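Architecture at a glance
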Amino acid sequence: MKKLFDKNEVTFAVILIVVYVVGSSIMQGVSESLGQQYLAEMVFHIAMSAAVFAFIKKNGLMKYLGLCPSEVPAGKMLFYIPLLLPAVMPVFFGVALNYSPMETVFHTVSMIGVGFLEEIIFRGFLFKGICKSNVTRAIVISSVTFAMGHIVNLLNGYDITQQLIQIVYAVAVGFLLVFIFHRTGSLIMCIVFHALNNSLTAFAATNWGEASALNMILLAVRLVIMAGYTVCIVKFIPKRAE
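Residues numbered from 1 in each chain as written. Predicted model: local features only at pLDDT ≥ 70, side-chain atom pairs only at ≥ 80, totals over all residues. Heavy atoms only, no water.

With respect to the side chain of Ser199
Heads up, the condition is: Under the DSSP-based scheme used, a helix requires at least four consecutive residues in state H or I and a strand at least two consecutive residues in state E, with every element numbered from the N terminus. Whether a residue is buried, partly exposed or exposed follows from its accessible area with a 1.4 Å probe, protein chains only, as a fraction of its type maximum: under 20%, in between, or over 50%, in that order. In protein, a polar contact requires one atom able to donate a hydrogen and another able to accept it; more generally it is a pair of N or O atoms within 3.5 Å, and residues adjacent in sequence count only if both atoms are side-chain atoms. What makes two residues a contact is simply this: any of their non-hydrogen atoms within 4.5 Å.
By secondary structure assignment, the location of Ser199 is in helix α8 (residues 188–199). A relative accessible area of 8% means that Ser199 is categorised as buried. Among the polar contacts made by the side chain of Ser199, one reaches the main-chain carbonyl oxygen of Ala195 at a distance of 2.7 Å. Residue contacts for Ser199: discarding those within four places in its chain leaves His107, Thr108, Met111 and Ile112.

Structural data, given as structure tokens:
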């Protein structure tokens, strides 16, 4: 694996993406067959997260891939409030337990793994690999690829409307998080946001995938907040020397 990474980081990232997307999809089917939602996904995400982290640690890639403190003070990043606000919006209009207690644990642990893996793969390996040749291309490709990776949900029961909502939101998230990583040198808050954003869907009283008027308004609010925060980061946080 190290030889492949040293030879071509982008190819290495693409292989990780395929393993992650295909594995997650297969494990969802396994969980359904077992009658325990998110059980198999949780096991897969924990195992893959452990393997990826071990590879990063062993090869001295912690700082390179952003598993380190930010180089920018939290105050200058507005204490990340505009980042975390959209993440907690799913529970603004009520809290409910959407799964059994055990399935809620499986979902939460699985989403923590998803937050780590997707940030490390898309914002870490893929972005850094492409960044060596062209930073702008790296920002665009890593963000759009991250959003397109969610298309696999069509195979897992999502309807087209749900999928479009998720892709639009994922594009906005992708651009915001890659700029945070690019300007701060850290993926820590990106991972926290991602895990929190996904985990809280298990406790939301409202189904955020539905194309209701309320959900469309709240999606627009989230997009405005993230777009504004992205602009602030680009305008006020200096570029780092790569």
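Structure shown, so let's carry the discussion forward.
Some thoughts on the environment of Ser186
Turning to its location among the elements, Ser186 is positioned in the loop between α7 (160–184) and α8. For the pair formed by Ser186 and Leu61, sequence separation is 125 residues and the distance between their alpha carbons is 12 Å. Once residues lying within four places of it in the same chain are set aside, the contact partners of Ser186 are Gly66, Cys68, Pro69, Ser70, Ile180 and Phe181. A distance of 2.7 Å separates a polar atom in the side chain of Ser186 from the backbone oxygen of Cys68.

Some remarks on the packing of helix α4 (residues 81–88) against helix α9 (residues 213–236)
Stated formally: All axes here are fitted lines through C-alpha atoms, helices being fitted over the stretch that makes contact, and every angle between N-to-C directions spans 0 to 180 degrees. Here the word oblique covers every angle except those under 35 degrees (roughly parallel), over 145 (roughly antiparallel) and from 65 to 115 (roughly perpendicular). Definitions for this section: a left-handed crossing has its near helix turned counterclockwise from the far helix by less than a right angle. A right-handed crossing has that turn clockwise. Following the grouping adopted for this structure description, the nonpolar residues are Ala, Val, Leu, Ile, Met, Phe, Trp, Tyr, Cys and Pro, the charged ones are Asp, Glu, Lys and Arg, and the polar ones are all others, Gly among them.
Put simply, α4 and α9 touch, their axes get as near as 9 Å, and they point 160° apart. Looking at the two axes, α4 sits roughly antiparallel to α9. You can see that α4 and α9 cross each other, and the crossing is left-handed. Side by side, α4 and α9 meet where Pro82, Leu83, Leu85 and Pro86 of the first sit next to Arg222, Ile225, Met226 and Tyr229 of the second. A class-by-class count of the residues in the contact of α4 with α9 yields seven nonpolar, no polar and one charged.

Topic: the packing of α7 against α8
It is the contact of α7 with α8, at a shortest axis distance of 10 Å, that shows an interaxial angle of 155°. Relative to α8, the element α7 lies roughly antiparallel. Of the residues in α8, those touching α7 at Tyr169, Val173, Leu177, Ile180 and Phe181 are Cys190, Phe193 and Asn197. Here the residues of the contact of α7 with α8 are counted per class, giving seven nonpolar, one polar and no charged.

Some words on the nonpolar core
Quick note on the threshold: The definition of a nonpolar core used throughout is a set of buried Ala, Val, Leu, Ile, Met, Phe, Trp, Tyr and Cys residues joined through side-chain atoms within 4.5 Å.
Counting residues in hydrophobic clusters, the biggest one holds 62 residues, and the most contacted among them are Ile120, Phe125 and Ile180. Among the secondary structure elements, those contributing two or more residues to this core are α2 (9–34), α3 (39–58), α4, α5 (101–131), α6 (135–148), α7, α8 and α9. The element best represented in this core is α5, accounting for 13 residues. Excluding residues that lie within four positions of it along the chain, Phe125 makes contacts with Phe5, Glu9, Phe12, Ala13, Leu16, Val52, Phe55, Ile56, Leu65 and Ile120.

Remarks on the packing of aromatic side chains
Stated formally: Paired rings are identified among Phe, Tyr and Trp, the last through its six-membered ring, by centres lying within 6.5 Å, and are further divided according to the angle between planes into stacked (under 30 degrees), edge-to-face (over 60) and tilted (the rest).
Evaluation of the coordinates by the stated rule reveals 10 aromatic pairs. Look at Phe5 and Phe12: their rings are 5.5 Å apart centre to centre, the planes differ by 75°, and that puts the pair in the edge-to-face class. Across this residue pair, the class does not change: Phe5 and Phe12 are buried. Residues Phe5 and Phe55 carry aromatic rings whose centres are separated by 5.9 Å and whose planes lie at 80° to one another, so their mutual orientation is edge-to-face. On the criterion of sequence distance, the pair formed by Phe5 in helix α1 (residues 2–7) and Phe55 in helix α3 is long-range, its members being 50 residues apart.

Remarks on the pattern of salt bridges
Here is the rule: Here a salt bridge means any side-chain nitrogen of Lys or Arg lying within 4 Å of a carboxyl oxygen belonging to Asp or Glu.
Within this structure, the stated rule accounts for five salt bridges. Notably, a salt bridge pairs Glu9 with Lys132, separated by 2.3 Å at the nearest N-O pair. Residue Glu9 is located in helix α2, and its partner Lys132 is located in the loop between α5 and α6; the two are separated by 123 residues in the primary sequence. The exposed category is assigned to Lys132, whose relative accessible area is 62%. Of the charged contacts in the structure, one is a salt bridge between Arg240 and Glu71, with a shortest N-O distance of 3.0 Å. Residue Arg240 is located in the segment after α9, and its partner Glu71 is located in the loop between α3 and α4; the two are separated by 169 residues in the primary sequence. Here Arg240 falls in the partly exposed class, since its relative accessible area comes to 21%. The class of Glu71 is partly exposed, set by a relative accessible area of 46%.

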